[in-house]
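# Notes for the structure review
Listed here are the chains, written in short residue letters.
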Amino acid sequence: MAGLSKFLITAILKPWSHSQLYQEFRKHGVGFKTGLLLIILSLGFGLTSITRAACGQFPAIPVVLPFRLENYLFWQALLVIPWVVLSWLLVGFLARGVLIFQRQEAVSLRQVLVLLGLGFSTFLFLFWIPHLLTAGLNLLGMSQKEWVDLLSQPGWFQTLYLALIALAVVAGWLSLNLSLGRIKKKISPTGLLVANLGFFSWLLLLAVFLR
């Protein structure tokens, strides 16, 4: 249990050390731990989504998927875990395919999936904080209109909200470039390509779903 706690905390809070974390745990269920971490973080989104839905809230930006606006957060809470996990696997297989095409077969699918998952986990944790803040304000009685007005007006709340989102993107992107970009102990153009292709493909899949 202590090893699992160390893995989860290090993965989220030390995005610059994901390569070392993989090496430390690669013989101790590193793939399972990475998947579990993504499920736990997805569950956090599920809880904040269902909280917002129970408070009568709905997405303040246009939705892409064919769900009714007033029920969207309920479906988001229900589907967020499979959406995140399947997106992770899809991007992982895509990244592995690019490596094979570039004749980097020595890099295993497990290593690619783990390093991608660790980078994604850093992003998810930081991106979840604005969702948690929103759900907390909803529980305190803030209406949809009050929340939209607060977020749309320049000030401390808008700055904090946007800064957290920007920090999430930068931290996730940086962690993958430090791990996959240096997958052979030195900067690799192929590794950098895989890191950026994987991260932004995954962001696009999340942008389609998360509100």
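From a predicted model like this one, the values you see are computed outputs, not experimental measurements. (Residues numbered from 1 in each chain as written. Predicted model: local features only at pLDDT ≥ 70, side-chain atom pairs only at ≥ 80, totals over all residues. Heavy atoms only, no water.)

Check the secondary structure of the chain and you find eight helices and zero strands. Going from the N terminus to the C terminus, the chain shows its helices and strands as α-α-α-α-α-α-α-α. Overall size of the chain, expressed as C-alpha extent along the three principal axes, is 55 × 35 × 30 Å. Within the chain, the fraction of its 211 residues that count as buried is 46%. When contacts within the chain are restricted to residue pairs at least 6 apart in sequence, those whose partners lie at least 24 apart make up 74%. When the accessible area of the chain is evaluated, it comes to approximately 10,700 Å², of which 73% is carbon and sulfur surface. (Helix = DSSP H or I, 4+ residues; strand = E, 2+ residues; numbered from the N terminus. Buried < 20%, exposed > 50% of the residue type's maximum accessible area, 1.4 Å probe, protein only. Contact = heavy atoms within 4.5 Å. Areas by Shrake-Rupley, 256 points an atom, 1.4 Å probe, with all protein chains shown as cover.)

On to the packing of helix α5 (residues 109–139) against helix α7 (residues 156–179), then. The axes of two packed helices give the description: the angle between them and the distance between them. The N-to-C vectors of α5 and α7 enclose an angle of 170°; their axes lie 7 Å apart at closest approach. Taken together, α5 and α7 sit at an angle that is classed as roughly antiparallel. Grouping the constituent residues of the contact of α5 with α7 by class yields 20 nonpolar, six polar and no charged. (Axes fitted to C-alpha atoms, helices over the stretch in contact; angles between N-to-C directions. Parallel < 35°, antiparallel > 145°, perpendicular 65-115°, else oblique. Nonpolar A, V, L, I, M, F, W, Y, C, P; charged D, E, K, R; others polar.)

With respect to the helices, strands and loops of the structure, Asn177 is situated in helix α7. Exposure remark for Asn177: the relative accessible area of 12% places this residue in the buried category. At 3.1 Å, the side chain of Asn177 and the side chain of Asn196 are in polar contact. Sequence-distant contacts of Asn177, defined by excluding residues within four places in its chain, comprise Arg182, Leu192, Ala195 and Asn196. (Polar contact = N/O pair within 3.5 Å; in protein donor to acceptor, adjacent residues only side chain to side chain.)

Core analysis: the biggest nonpolar cluster contains 46 residues, and Leu116, Phe120, Phe123, Leu124, Leu180 and Trp202 have the highest contact counts within it. When residues in this core are grouped by element, the largest group, 11 residues, is from α5. If you look at the next biggest cluster of nonpolar residues, it comprises six residues, including Trp147, Leu151, Phe157 and Tyr161. (Core = buried A, V, L, I, M, F, W, Y, C linked by side-chain atoms within 4.5 Å.)

Confidence in the prediction of the chain, expressed as mean pLDDT, is 89, and 96% of residues score 70 or more. Averaged pLDDT values for the elements of the chain fall to 84 in helix α1 (residues 2–13) and rise to 94 in helix α3 (residues 30–54). (pLDDT = per-residue confidence, 0-100.)

Moving on, we get to the pattern of salt bridges. A full pass over the atoms with the stated rule returns three salt bridges. Arg68 is the partner of Glu70 in a salt bridge, and the nearest nitrogen-oxygen pair spans 2.5 Å. Since its relative accessible area comes to 58%, Arg68 is described here as exposed. In this structure, the salt-bridge partner of Asp149 is Lys145, at a minimum N-O distance of 2.9 Å. Remark: Lys145 and Asp149 occur in helix α6 (residues 144–152); sequence separation between them is four residues, near one turn of the helix. Of the residues examined, Asp149 reaches a relative accessible area of 29% and is grouped as partly exposed. (Salt bridge = Lys/Arg side-chain N within 4 Å of Asp/Glu carboxyl O.)

Running from amino to carboxyl end, α3 crosses helix α4 (residues 72–101) at an angle of 160°, the nearest separation of the two axes being 8 Å. The orientation of α3 with respect to α4, classified from their angle, is roughly antiparallel. For the element pair α3 and α4, the recorded crossing hand is right-handed. Looking at the contact of α3 with α4 residue by residue, the class counts come to 14 nonpolar, seven polar and one charged. (Left-handed = near helix turned anticlockwise from the far one by under 90°.)

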